[in-house]
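Descriptive structure summary
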Amino acid sequence: MSLSGAEAQETVLTQSEEARGGLVRDAFRRLRRSPQAIVGATLVLLFVLVAVFAPLLAPYSPTAQDLSQVRPGQFPGPSAEHLLGLDQLGRDELSRIIYGARYSLIIGVVSVTIGATVGMALGLLAGAFGGWVDGLVMRAADIMLAVPSLLLAIGIAALLGRSITSVMIAIGVVNIPVFARLLRGAMLSQRESDYALASRSLGVTKGRVVLKHVFPNSLAPVIVQATLALATAITEAAGLAFLGLGSPDPSIPEWGRMLAETNAYLASEPLLALWPGLAIVISVLGFYLLGEALREALDPKLRR
Amino acid sequence: MRNLRRQGVVALGLAGLLVGTAACGGDSGTNDDGASGSDEGGGDTLVFGASADPVSLDPAYVSDGESLRAARQIYETLVTTEAGGTDIVEGLATKWEADEAGTAWTFTLRDGVTFHDGTEFDAEAVCFNFDRWYNFEGVQQSPSVSYYWQTVFTGFANNEDPEQGESLYASCEATDATTAVINLTGPSASFLPGLALAAFSIASPTALEEFGADEVTGTGEEPRFDGAYGLEEAVGTGPYTLESFEPGNRLVMTAYEDYWGDAPAIETIIFRPIADGPARRQALEAGEIQGYDLVDPADYEALEGAGYQLLSRPAFNVGYVGINTAKPPLDNPQIRQAIAHALNREALVQAQYPEGSEVATQFMPPELFGHADDVTEYEYDVEKAKALIAESGVANPTIEFWYPTGVSRPYMPNPEANFQAFQADLEAAGFTVTPQSAPWNPDYLDAVNTGAAGLYLLGWTGDFGDPDNFIGTFFRTDQPSWGTIPQEIQDQLEAGRTETDEAARTALYEDANRAIMEQLPGVPYVHTSPRLVFAENVVGYEPSPVSIEDFARVSFSD
Amino acid sequence: MLRFAARRVLLLVPILIGLSILVFLFVRALPGGPETALLGENATPERVAQVRELYGLDRPVYEQYVSYVQSVLSLDFGTSITTRQPVVEEIARRFPGTVELTVTAMIIAVAVGIPLGFVAARRYGSWVDNLSTAGSLLGIAIPVFALGYLLKYFFAIKLGWFPTQGREGSLMFRNEHPTGFYVLDGIVTGNPEAAVDALRHLILPALALATIPLAFITRITRASVLEVTGEDYVRTAEAKGMTRSVITRRHILRNAMLPIVTVVGLQTGLLLSGAVLTETVFAFDGIGRFLAQAVFARDFPVIQAGILFLAVIFVLVNLLVDLSYGLLDPRVRTR
């Protein structure tokens, strides 16, 4: 039985398609059975839902003050009207925590998107062209990775001045080399894979192979990294807020800032430190668990 | 296995040693565990938590509170204030009198006083110091370097800035060892109270020369003190001598054996810089320090409950929202009035300031003469504010509102909280507020002083008991931070300064206060009494409204 | 091995050059240019002109870069805006503190993390395993500064076991510091009290700083021991009847060491950035806190020099890690 050239091409490509579909299906099956994945996904879902539906969920406006309720160092604690109590300006803590999820989500998603798109574009160039393009991109990545990530973010955010945008850019830029390296590495290994070699030998153009097959098949580690990067972005944003980088508007309910502010009230109102701290831990944990579970599920080595 | 266990025991022992020495310091009531090697004061040592390092130990060059606090212990001034008040009493001078014209002041000096380095204190030494200040040149004439000299004496022997006014100081004569005559170019009501400022501390002429006190280079904004004086050396006549100064770590002072007055009860005083307010409280609770200044009102109750003593300084300050009246839309009087009516000052003072704080109606505290009871008041009224905005003709007024970061002042314990409260108030009245922040020093103060800031949070603590030190300092001359101040107000304040009759001065200052609140170059909102805290066994500390406070009278009760 | 080391050291050169370009461009990328960085946003035009001349900002960029590199090589990093002292002196004074802190933290992380991960892997699924997994997850998720506050609140304020801040007690003003490493100074000058005092000041910040590397080291040790245990050669060894401890020593530990060393190297970066936060929480006078204060005050000469300095340290530590690969795994050398 002999196949024509075109048919042979199709068959090989379909096989790569199937291999990918198989991997995804397989990964899904394993994710559903992993408690780590289920806990992680639940926390992430909870976090995203809270962020999206904040206006519906929050009982009060996050910036509405009631100064008559507070005295220096004394803020009403949890009550039926205010489940998590009031903060130092008589604002509803629960509403602030709920709205805070929005800022964390936006900072996380935007910064990781910046890092991933720019990083992937560079990685794609490096992986597809090789040669001096590859060398240039990878050396630049090496240099950026030579600066510890939070330090680099601090430097960039300090440079751009106090605003949420500069925090997002800072964390995004820090992520660029990670994604660039990752995609390039994955593409190099995919390029040597059987179906890619087979396609090439059957005369499929290089560009088509890269775009339609090598690139999509290299995305798995990127997705894993993006999930993990979201976790890091949230802690890094908190760290930057602690250092006074972030929005110049102090009334913004940003978790890191709220946590840093409570240092002054730690002794008298320790609960006020607990809530934003807990919110950060839960959301970071969610992304981290989900990311790790994805990594395990998508790792071909574990598909025995 | 046996081996392992022994290591375990050693490790436990080490842990015990580490924790054990600390545990002694855990309760702050008992402070005499000198043997423990932990860092608690007690017995012969008191550790005080300062908010920053002194800038220099040469008081002629400083104007910040921490430098002045240190100077108070090492140096003395010709006259000083009564403990806990603003009345002038004898210091290094035991008697003084002015001639008829108020321009020749004769000071009779204390006998038998020596500087820490053994140099005799006499009239020559006094004149040496005054002539030194008067002959400052170059960078030394920068307002940030010799602030207080310029506040009280205006100019120098050779003014390098032609705009600088003529010096109030003319000359000093040492008629005999204990008599110094200081001649002025005109009468001044603030000369004598001004002399109580630590900036006019009498330092040892020998030490000043030997250690290069006048070696200042750099620029006005960034002066560099190249001599050892002020950093490694500081020689006065005060109850304490400088033992060591390590910026960032501590300033150590020990009792001066040959002090002319009562010997200090505590042998060693250590000022330890702890910039962060909560960290000062924690250091006190952990027993690492026995007292600190500028307690956060949020901590009053808890500290008192835990047995600490809170000492309050009489309210001698004002917190205000400054307005740059040259910056649109703030140049519009109705907009300024709308702002004044929009701010709920009562609510803020109640929520953020300790009991006993007062809502301010004008730029100086009621204790001071010249305070007028009938100034225009702007009560909290959102509707009125909205109506005023409508009348002003400014559609959708937008204001840049500035607040400082990383700072806590007596009149503004928590700038961010004040800012957020006022921001919400302004927005409720229909203003659009653009938040702007900058680190206190130098960026924020620069932004305010150069007139870059439109609306801003600021305040003032009085240096001596005279209205000229409040509204005179603010409005007597043109300052970019306020925009334009009408000439009549400036003239009234200048007249107040040179007038020598007390009743006439009072009337002038009352008028000025009325005119200022009509003009509304800012909204004063609080006079508050800041507090210090000390461990239970510390006695004898007397807070002063102008912070002239002496550690030599402090002792431990057990 | 020597050739491997030499090659590895040579590879540093382009990285260091790249770093210097990055940091050089850093301040020049400021809106308003380096004048703003050096003088603040509200400086007078005369001052701006003065600084432009002083730093040669009117010359072409590559000339500026060459003179920047020259000044860096002669250890001239300019003057701090806030302290008005040469930046290099300020950094040198604080460097021993940061080294003391990060080394202590790394020792804690390795000394606890490796045995914990090892035990967790060998007793897969036991309570030790579950507890260490949960603990390390929490360690990764909690912001370093929040943990610092927590430790300070309980162990310094509530229990009074450790000091709340600083590097040494106030009464230690007669201590001498020949090396700048305070614990060492206490030992060298024959002052055990001073050494204990310095160590007590180190413990809480080091614990806070150690958490993240500890969490990662525990996880990676567990994972790599699990993986190695499943390898054929270990199974073969077991089948051959070798004792557990021999297998552990000869095979598992040695082979699991490689990924662990990698993580230790990478974590140094986290430690150096974490030091910025931890040193601030504990007012520990090191480079990290100095950098944080510089960020607060927008003191760009310090930010610029501090980042360059810490990045170079990070690069050098990773060089050491790479060299130790060569020792641990002969295969690496030939690559």
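Here we summarise the structure given alongside this text. (Residues numbered from 1 in each chain as written. Chains lettered and ligands numbered in written order. Predicted model: local features only at pLDDT ≥ 70, side-chain atom pairs only at ≥ 80, totals over all residues. Heavy atoms only, no water.)

Strand pairs in the sheet, formed through backbone hydrogen bonds, run parallel or antiparallel to each other. Residue and element names in this part refer to chain B. In spatial order, the strands read 16-20-15-19-17-18; together these six strands make up an open sheet with mixed pairing. Looking along the sheet, the strands with just one partner apiece sit at the ends: strand 16 (358-359) and strand 18 (432-439). Judged from the eight bridges that link them, strand 17 (residues 398-405) and strand 18 form a sheet pairing that is parallel. If you follow Glu-400 over to strand 18, its bridge partner there is Thr-434. Helix 10 (residues 345-352) rests against strand 16 and strand 20 (522-527) of the sheet, and its axis sits at about 35 degrees to strand 20. Packing against the sheet, helix 12 (residues 415-428) makes contact with strand 15 (317-323), strand 17, strand 18, strand 19 (455-461) and strand 20, and its axis sits at approximately 170 degrees to strand 17. (Pairing = 2+ DSSP bridges. Helix = DSSP H or I, 4+ residues; strand = E, 2+ residues; numbered from the N terminus. Contact = heavy atoms within 4.5 Å. Axes fitted to C-alpha atoms, helices over the stretch in contact; angles between N-to-C directions.)

Taken together, the contact pairs 38 residues of chain A with 42 residues of chain C. It is Leu-151, Leu-159 and Phe-242 of chain A that lose the most area in chain A upon contact with chain C, and together they represent 21% of the buried surface on that side. Scanning the region where chain A abuts chain C turns up one salt bridge. We note a salt bridge from Arg-219 of chain C to Glu-292 of chain A, for which the minimum N-O separation is 3.2 Å. The tally of links between chain A and chain C comes to three residue pairs in polar contact (both at pLDDT 80 or more). Contributions of two or more residues to the side of chain A that touches chain C are made by helix 5 (131-145), helix 6 (149-160), helix 10 (219-242), helix 11 (255-261) and helix 12 (270-298) of chain A. Across the side of chain A that touches chain C, the residue classes break down as 27 nonpolar, eight polar and three charged. (Buried area = accessible area lost by both parts, 1.4 Å probe. Salt bridge = Lys/Arg side-chain N within 4 Å of Asp/Glu carboxyl O. Polar contact = N/O pair within 3.5 Å; in protein donor to acceptor, adjacent residues only side chain to side chain. Nonpolar A, V, L, I, M, F, W, Y, C, P; charged D, E, K, R; others polar.)

We now examine the pattern of salt bridges. Applying the stated criterion across every chain yields a total of 37 salt bridges over all chains. Where Arg-313 of chain B meets Glu-549 of chain B, a salt bridge forms, and the shortest distance between an N and an O atom there is 2.6 Å. Taken together, the residues span a long stretch of sequence, with Arg-313 of chain B in the loop between strand 14 (309-312) and strand 15 and Glu-549 of chain B in the loop between strand 22 (538-539) and strand 23 (555-556) at a distance of 236 residues. A salt bridge links Asp-285 of chain C to Arg-94 of chain C, with the shortest nitrogen-to-oxygen separation between them at 3.0 Å. Taken together, the residues Asp-285 of chain C in the loop between helix 11 (244-281) and helix 12 (287-297) and Arg-94 of chain C in helix 5 (residues 87-122) connect sequence positions 191 residues apart.

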